[in-house]
Amino acid sequence: MNKTFIGVVIALIFSGLIILSLENDYSFSQIFIGFIVFIIPSIFISSFKSATLSIILTVICVLFFYFSIHFKFYNTWVGVLMALTIGLPIYYYRVRNAKVAEGHKGFDDI
């Protein structure tokens, strides 16, 4: 019941963002770019435990922020909100609870 309610709320928010974009004539290519850039990091936010991945994610976020403000691509932030609206619940309900099996041990065990 709780997951169903959360799913309905997420669908309402996502639909509301689409309706807002249609009503204000936002550029869907900019929205798509914002969505694509931030959907994977929002789903796998817990896997960024190493310093290298954290640095890469931070550089991407800062450059994305700079270019969207500098070139006045303000519609990309609707895509970022869409990515966070879908990605964070996927992380919370699916990825966080997933059990990771041990990796391949090599040919020594054969």
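Our structure is the block above this text.
Q: Residue-level account of the packing of aromatic side chains, with values.
A: If you walk through the whole model with that rule in mind, you get seven aromatic pairs. Here Phe38 and Phe64 contribute two aromatic rings whose centre-to-centre distance is 5.1 Å and whose plane-to-plane angle is 75°, an arrangement assigned as edge-to-face. Taken together, the residues span a long stretch of sequence, with Phe38 in helix α2 (residues 28-43) and Phe64 in helix α3 (residues 51-70) at a distance of 26 residues. Residue class for Phe64 comes out buried when judged on its relative accessible area of 11%. Through pairs of rings, three or more aromatic residues link up here, namely Phe38, Phe64, Phe65 and Trp77.

Q: Give a description of the packing of α3 against helix α4 (residues 76-95) that names residues and reports values.
A: Between two packed helices, the angle of one axis relative to the other and the distance separating the axes together describe the packing. Closest axis-to-axis distance for the α3/α4 pair is 10 Å, and the angle between their directions is 145°. Contacts from Phe64, Phe65 and Ser68 of α3 reach α4 at Thr76, Trp77 and Val80. Across the contact of α3 with α4, the residue classes tally to four nonpolar, two polar and no charged.

Q: Explain the nonpolar core residue by residue, including any values.
A: Counting residues in hydrophobic clusters, the biggest one holds eleven residues: Leu17, Ile31, Phe35, Phe38, Ile39, Ile43, Phe64, Val78, Val80, Met82 and Ala83. Here this core gets five residues from one element, more than from any other, and that element is α2. Among residues more than four places away in sequence, those in contact with Phe38 are Cys61, Phe64, Val80 and Ala83.

Q: Describe the layout of surface pockets, with residues and values.
A: Computed from the structure, the largest pocket encloses a volume of approximately 180 Å³. Lys3, Ile6, Gly7, Ile10, Ile86, Pro89, Ile90, Tyr93 and Arg94 are the residues that line the largest pocket. Broken down by secondary-structure element, the contributors of at least two residues to the lining of the largest pocket are α1 (2-23) and α4. For the lining of the largest pocket, the element with the highest residue contribution is α4, accounting for five residues. Residue composition of the lining of the largest pocket, grouped by class: six nonpolar, one polar and two charged.

Q: Before we move on, could you go through the side chain of Ser68 and cite the residues and values that matter?
A: Residue position: Ser68 is located in helix α3. With near-sequence residues (within four places) excluded, Ser68 lies in contact with Phe73, Tyr74, Thr76 and Trp77.

Q: Give me the lowdown on unusual backbone geometry, citing residues and values where you can.
A: Although it is not a glycine, Asp25 sits at a positive phi angle of roughly 55°. Mapping Asp25 onto the fold places it in the loop between α1 and α2. When its relative accessible area of 70% is taken as the criterion, Asp25 is described as exposed. The backbone phi angle of Lys72 is positive, close to 60°, even though this residue is not glycine. You can see Lys72 is positioned in the loop between α3 and α4. The class of Lys72 is exposed, set by a relative accessible area of 59%.

Rules of the game
- Every chain begins its residue count from 1, and numbering advances along the sequence as written.
- Per-residue local features are limited, in this predicted model, to residues with pLDDT of at least 70; the limit for side-chain atom pairs, both in listing and counting, is 80 or more; totals at the level of whole chains, interfaces and linings are taken over all residues.
- Side-chain metrics rest on all non-hydrogen atoms present in the structure, leaving aside hydrogens and water.
- In summary, the pairing rule links any two rings of Phe, Tyr or Trp, Trp by its six-membered ring, whose centres are within 6.5 Å, and it sorts them by plane angle into stacked for under 30 degrees, edge-to-face for over 60 and tilted for everything else.
- In this description a helix means any DSSP run of H or I spanning at least four residues, a strand means any run of E spanning at least two, and both kinds are numbered starting from the N terminus.
- Here the term buried applies to any residue with accessible area under 20% of the maximum for its type, exposed to any over 50%, and partly exposed to those in between, with areas from a 1.4 Å probe on protein chains only.
- Think of each axis as a best-fit line through the C-alpha atoms, taken over the contacting stretch in the case of a helix, with angles from 0 to 180 degrees between the N-to-C directions.
- The criterion used for residue contact is that any of the two residues' heavy atoms lie within 4.5 Å.
- Put simply, Ala, Val, Leu, Ile, Met, Phe, Trp, Tyr, Cys and Pro go in the nonpolar bin, Asp, Glu, Lys and Arg in the charged bin, and everything else, Gly too, in the polar bin.
- For our purposes a nonpolar core is just a set of buried Ala, Val, Leu, Ile, Met, Phe, Trp, Tyr and Cys residues, chained together by side-chain atoms within 4.5 Å.
- Buriedness for pockets is judged along seven lines, at least five of which must meet protein on both sides within 12 Å for an open set on the 1 Å grid over protein atoms alone, while cavities are sets there where a 1.4 Å probe fits but cannot get out, and lining residues have an atom within 4 Å of a point.
- Grid points are joined across faces, edges and corners, and a volume is the space filled by probe spheres set on the points.

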